[in-house]
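# Observations on the model geometry
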Amino acid sequence: MRLLHSLAKTHASFDDPDLVSHAGLVPVMALAQRAGLADLVAEHVRPGGECGVNADLKVPCLVAGMAAGADSIDDTGMLRHGAMGALSGGVRAPSTLGSHLRSYTWGNVSQLEKAGREFLIALAREAPLLPGADVLAFIDIDSRQKRV
């Protein structure tokens, strides 16, 4: 078998509104929900201004977008296509997510990092995937890029 088109020129489109192109997000976001992602964001993150409200709804949208391969705010629009609305509620428009992120200050980023640290701990409890997880481990999670 041989492809007749180069992969760079191949494009898939769906004309059926009941098709879900990113159905794999369902178990990923179910795990995030069980680990309390939205609750941790609501507890720790307090961006100010008009665009900073509902961080507990917007941050999970950003996480879902990144898990689905979004590498820009515009790409998070994929969460609103096809039957994705039937699988998840509260999906925000890319422009809303972008405005939300632009409302963050340095302090808000620190708050989000704290929620992320606690979320990682909750994920480890929910999905004990690593053998020997009871052994002490050092995990470097920060925005600095340097040798560790």
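On a predicted model such as this, the values are computed, not experimentally measured, just so you know. (Residues numbered from 1 in each chain as written. Predicted model: local features only at pLDDT ≥ 70, side-chain atom pairs only at ≥ 80, totals over all residues. Heavy atoms only, no water.)

What follows is about the overall build of the chain. Helix and strand counts for the chain come out as 6 helices and 0 strands. Along its sequence from the N terminus, the chain presents helices and strands in the succession α-α-α-α-α-α. Within the chain, buried positions represent 26% of all 148 residues. Long-range pairs, those at least 24 residues apart, make up 69% of the contacts in the chain between residues at least 6 apart in sequence. For the chain, the accessible surface area stands at approximately 10,800 Å², while carbon and sulfur atoms represent 57% of it. (Helix = DSSP H or I, 4+ residues; strand = E, 2+ residues; numbered from the N terminus. Buried < 20%, exposed > 50% of the residue type's maximum accessible area, 1.4 Å probe, protein only. Contact = heavy atoms within 4.5 Å. Areas by Shrake-Rupley, 256 points an atom, 1.4 Å probe, with all protein chains shown as cover.)

As a further point, take the confidence of the model for the chain. Summarising the model, the chain shows a mean pLDDT of 81, and 76% of its residues fall at 70 or more. The lowest-confidence element of the chain is helix H4 (residues 84-87), averaging 72 in pLDDT; the highest-confidence one is helix H2 (residues 37-44), averaging 95. (pLDDT = per-residue confidence, 0-100.)

Moving on, we come to the packing of H2 against helix H6 (residues 106-126). It is at 9 Å that the axes of H2 and H6 come closest, and there the two elements cross at 145 degrees. When the axes of H2 and H6 are compared, the crossing they make is right-handed. When H2 is examined against H6, the residues Leu37, Leu40, Val41 and His44 are found in contact with a partner set consisting of Gln111, Leu112, Lys114, Ala115, Glu118 and Phe119. Residue classes in the contact of H2 with H6 are distributed as 6 nonpolar, 2 polar and 2 charged. (Axes fitted to C-alpha atoms, helices over the stretch in contact; angles between N-to-C directions. Left-handed = near helix turned anticlockwise from the far one by under 90°. Nonpolar A, V, L, I, M, F, W, Y, C, P; charged D, E, K, R; others polar.)

Looking at the largest pocket, its volume works out to about 640 Å³. Forming the walls of the largest pocket are 27 residues, and the residues nearest its centre are Val59, Val63, Met66, Leu112 and Gly116. Counting residues per element, the lining of the largest pocket draws most heavily on H6, at 8 residues. Looking at the lining of the largest pocket residue by residue, the classes come out as 19 nonpolar, 4 polar and 4 charged. (1 Å grid on protein atoms, 1.4 Å probe; cavity = no way out; pocket = protein on both sides within 12 Å on 5 of 7 lines; lining within 4 Å. Points joined across faces, edges and corners; volume = space filled by probe spheres on them.)

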